[in-house]
Amino acid sequence: MTRRDAAVVDEEAFSVRRTIRIDAPIGKVWQAVAEPEHVSRWFGRTELAGSGVGATGTMTFPDYDVIPLRVEEFDAPRRITYRWNNDDALGSLPERIDEATSTVFTFTLDEVDGGTQLTVVESGFDRTSDPRANLESHRTGWELELDKLVALVEDRT
């Protein structure tokens, strides 16, 4: 049974967390969060040079700047972490990852009875131009985007 809890903001930790339960096997969910051609079907158009830790590239959304992206952690099929400079409040984005202002988001996958539990945690908002505005923007973003992921992997596109 699919469960889609709302994303939660932790203002003290400057993070956003959302956990959902998906009626799809872990391998299918892993492809959707770790393989650029699959990520591009539900999230932004994702392009990476290389694979695994250190792969760099971009994520592009319609009517938005190109977002620099890098894979920070890769533990198939359980955990993947991306670093990006997606500061909605800033107005423009750097061409490359800026360690001083970037956030990281981690997808953690766990097999559960008949499906997969997926948790995303994005942190580092204290380093952005407007932490509270970015927390709220990304909270709503993770709700919208992960709902698209569920539709895709459960074949309800």
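Everything numeric in this text was worked out from a predicted model, so none of it was measured. (Residues numbered from 1 in each chain as written. Predicted model: local features only at pLDDT ≥ 70, side-chain atom pairs only at ≥ 80, totals over all residues. Heavy atoms only, no water.)

K.L.:
Please give an account of the pairing of strand β6 (residues 66–75) that cites residues and values.
P.N.:
Two strands pair when backbone bridges link them, and strand β5 (residues 56–60) and β6 are joined in this way by 5 bridges, in the antiparallel orientation. Pairing of Thr 60 across the sheet is with Val 66, part of β6. With antiparallel pairing between neighbouring strands as the criterion, β5 and β6 make up a hairpin whose turn holds 5 residues, including Asp 63 at a positive phi of roughly 60°. Where β6 lies against strand β7 (residues 79–84), 6 bridges are found, and the strand directions are antiparallel. Residue pairing across strands places Arg 70 opposite Arg 83, the latter belonging to β7. Connecting the antiparallel pair β6 and β7 is a turn made up of 3 residues. (Pairing = 2+ DSSP bridges. Helix = DSSP H or I, 4+ residues; strand = E, 2+ residues; numbered from the N terminus.)

K.L.:
Hey, could you go over the pairing of strand β8 (residues 103–112) for me, with residue numbers and the actual values?
P.N.:
Summarising the sheet, β7 and β8 pair through 6 bridges and their orientation is antiparallel. The residue bridging Trp 84 from the neighbouring strand is Thr 103, located in β8. Of the strand pairs in this sheet, β8 and strand β9 (residues 115–123) are connected by 9 bridges, and their pairing is antiparallel. Residue pairing in the sheet places Thr 106 in a bridge with Val 121 of β9. Between β8 and β9, which follow one another and run antiparallel, lie 2 residues, and Gly 114 among them has a positive phi close to 75°.

K.L.:
Before we move on, could you go through unusual backbone geometry and cite the residues and values that matter?
P.N.:
Each neighbour pair has its own omega, and for Ala 76 with Pro 77 the value is -10°, a cis peptide bond. Topologically, Pro 77 is positioned in the loop between β6 and β7. Phi is positive for Phe 14, close to 55°, though the residue is something other than glycine. Within the secondary structure layout, Phe 14 lies in the loop between β2 (8–10) and β3 (15–22). Backbone geometry at Asp 63 places phi at a positive 60°, although glycine is not the residue there.

K.L.:
Explain the nonpolar core to me, and be specific about the residues and the numbers.
P.N.:
Counting residues in hydrophobic clusters, the biggest one holds 37 residues, and the most contacted among them are Trp 42 and Phe 107. At the level of secondary structure, the elements contributing two or more residues to this core comprise β3, α1 (26–34), α2 (36–42), β6, β7, β8, β9 and α3 (131–153). Per element, the largest residue contribution to this core is 7 residues, and it comes from α3. Residue contacts for Phe 107: discarding those within four places in its chain leaves Val 33, Trp 42, Arg 78, Arg 79, Ile 80, Tyr 82, Leu 118, Thr 119, Val 120, Trp 142 and Leu 146. (Core = buried A, V, L, I, M, F, W, Y, C linked by side-chain atoms within 4.5 Å. Buried < 20%, exposed > 50% of the residue type's maximum accessible area, 1.4 Å probe, protein only. Contact = heavy atoms within 4.5 Å.)

K.L.:
Residue-level account of the packing of aromatic side chains, with values.
P.N.:
Inspection of every chain in the model, using the stated rule, returns 14 aromatic pairs. Each ring, one from Phe 107 and one from Trp 142, has its centre 5.8 Å from the other, and the planes form 85°; the classification is edge-to-face. With Phe 107 in strand β8 and Trp 142 in helix α3, this pair connects stretches of sequence that are 35 residues apart. A connected cluster of aromatic rings, assembled from ring pairs, spans Trp 42, Phe 43, Phe 61, Tyr 82, Trp 84, Phe 105, Phe 107 and Trp 142. (Phe/Tyr/Trp six-rings, centres within 6.5 Å; stacked < 30°, edge-to-face > 60°.)

K.L.:
Describe the pattern of salt bridges, listing the residues and the values that go with them.
P.N.:
Under the definition given, this model contains 16 salt bridges. The salt bridge involving Arg 4 is made with Asp 147; its shortest N-O contact spans 3.7 Å. With Arg 4 in strand β1 (residues 3–4) and Asp 147 in helix α3, this residue pair connects regions lying 143 residues apart in the sequence. On the basis of relative accessible area, Asp 147 is assigned to the partly exposed category, the value being 28%. The partner of Lys 148 in a salt bridge is Glu 145, with the nearest N and O atoms 3.2 Å apart. Highlighted residues: Lys 148 and Glu 145, both in helix α3, separated by 3 residues, approximately one helical turn. The class of Lys 148 is partly exposed, set by a relative accessible area of 43%. The exposure class of Glu 145 is buried, given its relative accessible area of 12%. In this structure, a network of salt bridges that share partners links the residues Arg 70, Glu 72, Arg 83 and Glu 99. (Salt bridge = Lys/Arg side-chain N within 4 Å of Asp/Glu carboxyl O.)

Functional significance is not addressed by these values, which are geometric in nature.
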